[in-house]
Amino acid sequence: NNRQIWTAPLIDVVRQIKQRLPQCRVIVLSMYDEEEYVLGVLRDGASGYVLKESSADNLVAAVRVVMAGGRYLSPRLAERALNGLPVLKRSREHL
């Protein structure tokens, strides 16, 4: 898969940064929105994930949230994650 050529090294870079500088906060800016990739970099230590299609305001928000100690996902990814939660799926079915 051509995508793996680019995504695997980035996951490794995030992991190496966090191993060498655990206090460092990493925000990934990427065009890839596949769940396995997003979860991979977050699992390996990224504090935020911003899609390249995001507005400048979203990127600024990501930096502010992460610098304050939080975690950030681009709105489209956050919505997709929330829509995938079983509790939310069941709630919508009852509406």
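In this report, we go over the structure that sits alongside the text. (Residues numbered from 1 in each chain as written. Predicted model: local features only at pLDDT ≥ 70, side-chain atom pairs only at ≥ 80, totals over all residues. Heavy atoms only, no water.)

As for the environment of V41
Now for step 1: One can find V41 in helix 2 (residues 35–43).
Now for step 2: In this structure V41 comes out as buried when scored by relative accessible area, which is 0%.
Now for step 3: Along the primary structure V41 and V14 are separated by 27 residues, whereas in three dimensions their C-alpha atoms are 6.6 Å apart.
Now for step 4: Not counting the four nearest positions on each side in its chain, V41 is found in contact with I11, V14, V28, A46 and Y49. (Helix = DSSP H or I, 4+ residues; strand = E, 2+ residues; numbered from the N terminus. Buried < 20%, exposed > 50% of the residue type's maximum accessible area, 1.4 Å probe, protein only. Contact = heavy atoms within 4.5 Å.)

Let's talk about the pattern of salt bridges
Now for step 1: For the structure on display, the rule yields five salt bridges.
Now for step 2: With a closest N to O distance of 3.0 Å, D33 and R80 form a salt bridge. Separated by 47 residues along the polypeptide, D33 in the loop between strand 1 (27–30) and helix 2 and R80 in helix 4 (residues 75–83) bring together distant segments of the chain.
Now for step 3: With a relative accessible area of 36%, R80 lands in the partly exposed category.
Now for step 4: In this structure, E53 and R76 form a salt bridge, with 2.7 Å as the shortest nitrogen-oxygen distance. (Salt bridge = Lys/Arg side-chain N within 4 Å of Asp/Glu carboxyl O.)

Remarks on the sheet that holds strand 3 (residues 72–73)
Now for step 1: The sheet built from three strands is open, its strands ordered 1-2-3 with parallel pairing. Edge strands, defined here as strands with exactly one partner in the open sheet, are strand 1 and strand 3.
Now for step 2: Both strand 1 and strand 2 (residues 48–51) contribute to a ladder of four bridges, which runs parallel. What sits directly across from L29, in strand 2, is V50. (Pairing = 2+ DSSP bridges.)

What to know about the packing of aromatic side chains
Now for step 1: In the structure shown here, the tally under the stated rule is two aromatic pairs.
Now for step 2: With 5.9 Å between their ring centres and 90° between their planes, Y32 and Y37 make a pair best called edge-to-face. Each member of the pair, Y32 together with Y37, is buried.
Now for step 3: Aromatic pair Y37 and Y49: ring centres 6.0 Å apart, planes at 80°, arrangement edge-to-face. One end of the pair, Y37, is in helix 2; the other, Y49, is in strand 2, with twelve residues separating them in the sequence. (Phe/Tyr/Trp six-rings, centres within 6.5 Å; stacked < 30°, edge-to-face > 60°.)

Description of helix 3 (residues 56–67)
Now for step 1: Taking 1.5 Å per residue, twelve residues should reach 16 Å; helix 3 reaches 17 Å between its end C-alpha atoms and fits that length.
Now for step 2: Every buried residue belonging to helix 3 is among N58, A62 and V66, and all of these are buried. Summarising the axial view, the buried residues of helix 3 lie within an arc of 65°, below the 170-degree limit, and thus occupy one face. Residues A56, D57, R64 and M67 are exposed on helix 3 and point more than 90 degrees away from its buried face.
Now for step 3: In the core, the buried residues of helix 3 are packed alongside strand 1, strand 2, strand 3 and helix 4.
Now for step 4: One or two positions beyond helix 3, positive phi appears at G69, with a value near 100°. (Expected span 1.5 Å × (residues − 1). Arc of directions from axis to C-beta.)

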